[in-house]
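The lines below spell out each chain.
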Amino acid sequence: MTGLEDHLHGLWLPLVTPFRDGRLDETSLRRLTRHYSAQAVDGFILGATSGEGMTLRDAELERLVAVVRDEMAAGRRSVPLCLGLSGADTARLKERLDETADWPIDGYLIASPYYVRPSQRGLLAHFEALADHAAWPLALYNIPYRTSVNITNQTLLRLAEHPNIVGLKDCGASREQSIALLRDRPKGFRVLTGEDPNYFEALVDGADGGIVLSAHVETATFAAVQAELTRGNQDAALARWHEVSELTRLLFTEPSPAPAKYWLWRSGLIDSPEVRLPMVEVGSELAATIDREIERRMRVAA
């Protein structure tokens, strides 16, 4: 699958990475891939924040991609894959682009450099250097509350002119900035929200979709929100949103992806809720809350 810019819309899932006894759990990973590729999901992000990518060794990350692609090839449906990369060293990231150039992916999701807090000129030079070097298209990831630097719209609009930069995961935490970007962006530059609680309002504002961790649960309902808006049925979309909006808070009550992994474990989709330090599994109080919510939704579904 090629042409990421043609597929960067709709509901994308930042797939969790299942572990068991300290290792990549390939059995659970295959189960997740089969389950979600059969859902109304338009693409997967692998090895990014929700996938605990910063704890994955290079060989694990490569295996993660290979298993997901292999499982989709064996099934009825394949969706595009973006590989999450991050780092504060431009030269090292260029090396990572070389090392992954022949992997079976469709593009990259690359976050701003963390900790070093570069200037806007530094951000521009950083992302242009990566885009010039990459074998696959780039989607940028603006998440200043994690990186301590915001990519301004002026910088984003300059970067959007680069032919190998095709979109943005927007976690800028400023609706005003997001609306201005949606208004001024060039044709074909895709903007997907990455803020789960703002999914509905971002779509109303004109975002092309979302990269939504909470869509591991009630996937069809999250997809239906955008489908109803596309059909012009905002009231129906809002009603569907109300069915899942509380999930976007519950699943971030403790650091993500631990709550989502606990839910998926209790639902039988993964064999362990294990996360890697410095993440820890959910506490007993949140676990009990999630258990009650799972039981409530099962009763409603029945």
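Above: the structure in question.
Residues numbered from 1 in each chain as written. Predicted model: local features only at pLDDT ≥ 70, side-chain atom pairs only at ≥ 80, totals over all residues. Heavy atoms only, no water.

Regarding helix 14 (residues 284-301)
Basically, it comes down to this: Per the convention used, a helix needs a DSSP run of H or I reaching at least four residues, while a strand needs a run of E reaching at least two, with both numbered from the N terminus. To estimate how far a helix should extend, the number of its residues minus one is multiplied by 1.5 Å. Buried residues are those whose accessible area, probed at 1.4 Å on protein chains only, stays under 20% of the maximum for their type, while exposed residues exceed 50% and partly exposed ones sit between those limits. The directions from the helix axis to the C-beta atoms form the arc being described.
Helix length check: helix 14, at 18 residues, gives a terminal C-alpha distance of 26 Å against a target of 26 Å (1.5 Å per residue), a fit within 8%. Listing the buried residues of helix 14 in full gives L286, A287, I290, D291, E293, I294 and R297. Take helix 14 and look down its axis: the buried residues cluster within an arc of 165 degrees, on one side only. With respect to the buried face of helix 14, the exposed residues turned more than 90 degrees away are S284, E285, R292, R299 and V300.

Comments concerning helix 4 (residues 90-99)
Stated precisely, the cut-off is as follows: Throughout this description, a polar contact denotes any pair of N or O atoms lying within 3.5 Å of each other; where both atoms belong to protein, one of them has to be capable of donating a hydrogen while the other can accept it, and for residues adjacent in sequence the pair is counted only when both atoms sit in side chains.
Those residues of helix 4 lying buried are L93, R96 and L97. End-on view of helix 4: buried residues confined to an arc of 105 degrees, all on one side of the axis. If you check the start of helix 4, you find a side-chain oxygen 3.0 Å away from the backbone N of A91, and it comes from D89.

Notes on the nonpolar core
Rules: In this description, a nonpolar core means a group of buried Ala, Val, Leu, Ile, Met, Phe, Trp, Tyr and Cys residues linked to one another through side-chain atoms lying within 4.5 Å. We call two residues contacting when some pair of their heavy atoms lies within 4.5 Å.
Judged by nonpolar contacts, the single largest core of 78 residues is most densely connected at L15, F44, Y108 and F222. Per-element accounting of this core gives the leading share, six residues, to helix 3 (residues 58-74). Those residues within four positions of F222 in sequence are excluded, and the remaining contacts are L11, Y199, V212, S214, A215, V217, W241, V244, L247 and T248. Core analysis: the second largest hydrophobic core is formed by 15 residues, W12, A139, I143 and V166 among them.

Remarks on the packing of helix 2 (residues 26-37) against helix 3
Short version of the rule: Angles shown run from 0 to 180 degrees and are taken between the N-to-C directions of axes, each axis being a line fitted to C-alpha atoms and, for helices, limited to the stretch in contact. Throughout this description, any angle smaller than 35 degrees is read as roughly parallel, any larger than 145 degrees as roughly antiparallel, any in the 65 to 115 degree range as roughly perpendicular, and the remainder as oblique. Left-handed is the label given to a crossing in which the near helix is rotated counterclockwise from the far helix by less than a right angle, and right-handed is the label when the rotation is clockwise.
Where helix 2 contacts helix 3, the axes come no closer than 9 Å and their chain directions differ by 45 degrees. Between helix 2 and helix 3, the angle falls in the class oblique. Where helix 2 crosses over helix 3, the handedness of that crossing is right-handed. Every residue of helix 3 that contacts helix 2 at E26, L29, R30, T33, R34 and S37 is listed here: R63, L64, V67, V68, D70, E71 and M72.

Considering the side chain of S256
By the secondary structure assignment, S256 is in the loop between helix 12 (247-250) and helix 13 (258-266). Sequence-distant contacts of S256, defined by excluding residues within four places in its chain, comprise L213, L251 and M279.

So, the pattern of salt bridges
The condition that has to hold: Salt bridge, as used here, is a side-chain nitrogen of Lys or Arg placed within 4 Å of a carboxyl oxygen of Asp or Glu.
Under the counting rule described, the total for this entry stands at 26 salt bridges. With a closest N to O distance of 3.2 Å, R31 and D271 form a salt bridge. Residue R31 is found in helix 2, and its partner D271 is found in the loop between helix 13 and helix 14; the two are separated by 240 residues along the sequence. Residue D271 is classed as partly exposed on the basis of its relative accessible area, which comes to 28%. One salt bridge in this structure joins E293 and R296, with 2.8 Å as the shortest N-O distance. Taken as a pair, E293 and R296 lie in helix 14 at a separation of three residues, close to a single helical turn.

Points about the pairing of strand 8 (residues 165-170)
Cut-off, in case you're wondering: Strands are treated as partners if at least two bridges between them are detected by DSSP.
A large share of strand 8 lies buried, amounting to six of its six residues. As judged from the five bridges shared by strand 7 (residues 138-142) and strand 8, these two strands associate in the parallel manner. Bridge pairing in strand 8 links L140 to L168. Note that strand 8 and strand 9 (residues 190-193) share four bridges and pair parallel. If you follow D170 over to strand 9, its bridge partner there is T193.

Structural notes on the packing of aromatic side chains
Rule in force here: We call Phe, Tyr and Trp rings a pair once their centres come within 6.5 Å, taking the six-membered ring for Trp, and we label the pair stacked below 30 degrees between planes, edge-to-face above 60, and tilted otherwise. Sitting over a ring, as applied to charges here, requires NZ of Lys or CZ of Arg to be within 6 Å of the ring centre and within 35 degrees of the ring normal.
Summed over all chains, the structure comprises four aromatic pairs. Measuring from ring centre to ring centre gives 5.8 Å for Y199 and F222, while their planes differ by 55 degrees; the resulting arrangement is tilted. Separated by 23 residues along the polypeptide, Y199 in helix 9 (residues 199-205) and F222 in helix 10 (residues 219-230) bring together distant segments of the chain. With respect to burial, Y199 and F222 carry one shared label: buried. Consider the rings of F222 and W241, whose centres lie 6.3 Å apart with planes at 75 degrees: the pair is edge-to-face. Of this pair, F222 sits in helix 10 while W241 is found in helix 11 (residues 234-244), placing the two residues 19 residues apart along the sequence. Just as F222 is buried, W241 falls in that class too. Ring pairs connect the aromatic residues Y199, F222 and W241, which therefore count as one cluster. Between the NZ or CZ atom of R276 and the centre of the ring of F19, over which it lies, the distance is 4.0 Å.

Description of the environment of T55
As for its position among the elements, T55 is in the loop between strand 4 (43-46) and helix 3. Along the chain, T55 and V275 lie 220 residues apart, while their C-alpha atoms are 9.6 Å from each other. Residues within four places of T55 in sequence aside, it is in contact with F19, E60, R276 and L277.

Observations regarding the sheet that holds strand 4
On the basis of which strands lie adjacent, the closed barrel formed by eight strands has the order 1-4-5-6-7-8-9-10 and parallel pairing. Sheet twist, expressed as the mean angle between neighbouring strand axes with direction ignored, is 25 degrees. Here strand 6 (residues 107-111) runs beside strand 7; their pairing, made up of four bridges, is parallel. Residue pairing in the sheet places L109 in a bridge with A139 of strand 7. Contacts from helix 3 reach strand 4 and strand 5 (81-85), with the element oriented near 170 degrees to strand 5.

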